[in-house]
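# A structural walkthrough
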Amino acid sequence: MRTQRQVVDYSLQKRAVLRELLAGRVGTYDVCDASPYLKNAARFHGEPTERRCPICRSENLTLVHYIYGDELKQSAGQARTLAELPVLAMTLREFQVFVVEVCLGCDWNHLVEQYLLGRDGLTGDAEGTGEQDAAGTGGAGRRRREAQR
Ligand SMILES: [Zn+2]
């Protein structure tokens, strides 16, 4: 998506959890704990993938996109389909997306990545982007790129 920015990738954390599981330091009960809400979100708003669940290896993973941000008002914290995100990104200045992978077979779930979307991310081609007055509000977390490798 064009306005995607401040991407944080959680695949390292996921691999760490899977390692712990293989080593027997955590049980499947600890990691396969998708709530009924998360599973409903996966069924109704989820994005099917071709990737097999790393735990049960019998179902494909579903990605759920949760959106957060002040501009969303009462929609904050809800799941949205992937197709809805570009529309929101063109109407709102900035909102946070959390992507969670879920297995509807064994209830495995893990945060995959998070990123920002919204018109504030458009550079260059948008005319009249003189509103840089918000510099003091969200600068703290900018260009924070943890655990790249
Ligand atoms: Zn599974």
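Predicted, not measured: the structure shown is a model, and the values here were computed from it. (Residues numbered from 1 in each chain as written. Predicted model: local features only at pLDDT ≥ 70, side-chain atom pairs only at ≥ 80, totals over all residues. Heavy atoms only, no water.)

## Section: the nonpolar core
The condition that has to hold: Residues enter a nonpolar core if they are buried and are Ala, Val, Leu, Ile, Met, Phe, Trp, Tyr or Cys, with the set joined through side-chain atoms within 4.5 Å. Only protein chains enter the accessibility calculation, which uses a 1.4 Å probe; a residue is then buried when its area is under 20% of its type maximum, exposed when over 50%, and partly exposed in between. Helix numbering and strand numbering both begin at the N terminus, where a helix is a DSSP run of H or I of at least 4 residues and a strand a DSSP run of E of at least 2.
Residues Leu63, Ile67, Leu72, Leu85, Leu88, Ala89, Leu92, Phe95, Val97, Val99, Tyr115 and Leu117 constitute the largest nonpolar core, which totals 12 residues. Looking at this core, the elements with two or more residues in it are β3 (60-68), α4 (85-91), β5 (95-102) and β6 (109-117).

## Some details on helix α3 (residues 36-45)
The line we're drawing: This arc is taken over the directions from the axis of the helix to the C-beta atoms. Here, two residues are considered to be in contact whenever any of their heavy atoms come within 4.5 Å of each other.
Of the residues making up α3, those classed as buried are Leu38, Lys39, Ala41 and Ala42. Taken end-on, α3 shows its buried residues confined to a sector of 155 degrees, consistent with a single buried face. Exposed and facing more than 90 degrees away from the buried side of α3 are Pro36, Tyr37 and Phe44. Of the surrounding elements, those touching the buried residues of α3 are β3, β4 (79-80), β5 and β6.

## Description of the pairing of β6
On a regular strand, one side chain projects to one face of the sheet and the next to the other, so that they alternate. To keep things clear, this is the line we draw: For two strands to be treated as a pair, DSSP must find at least two bridges joining them.
Of the pairings in the sheet, the one linking strand β1 (residues 5-9) to β6 comprises 3 bridges and is antiparallel in character. For Arg5, the partnering residue across the bridge sits in β6 and is Leu116. One ladder, built from 8 bridges, connects β5 with β6; its direction is antiparallel. Looking across to β6, one finds that Val99 is bridged to Glu113. Turn length for the β5-β6 hairpin, with the two strands adjacent in sequence and antiparallel, is 6 residues, and the turn residue Asp107 shows positive phi of about 75 degrees.

## Some thoughts on the side chain of Asn109
How we decide: Pairs of N or O atoms within 3.5 Å make up the polar contacts considered here, provided that, within protein, one atom can donate a hydrogen while the other can accept it, and that residues adjacent in sequence are counted only when both atoms are side-chain atoms.
Relative to the helices and strands, Asn109 is located in strand β6. Overall, the relative accessible area of 17% leaves Asn109 in the buried class. A distance of 2.9 Å separates polar atoms of two side chains, one belonging to Asn109 and the other to Asp33. Of note is the side chain of Asn109, whose polar atom sits 3.1 Å from the backbone oxygen of Asp107. Once residues within four sequence positions are removed from consideration, Asn109 is found in contact with Val31, Cys32, Asp33, Ala34, Leu38, Val100, Glu101 and Val102.

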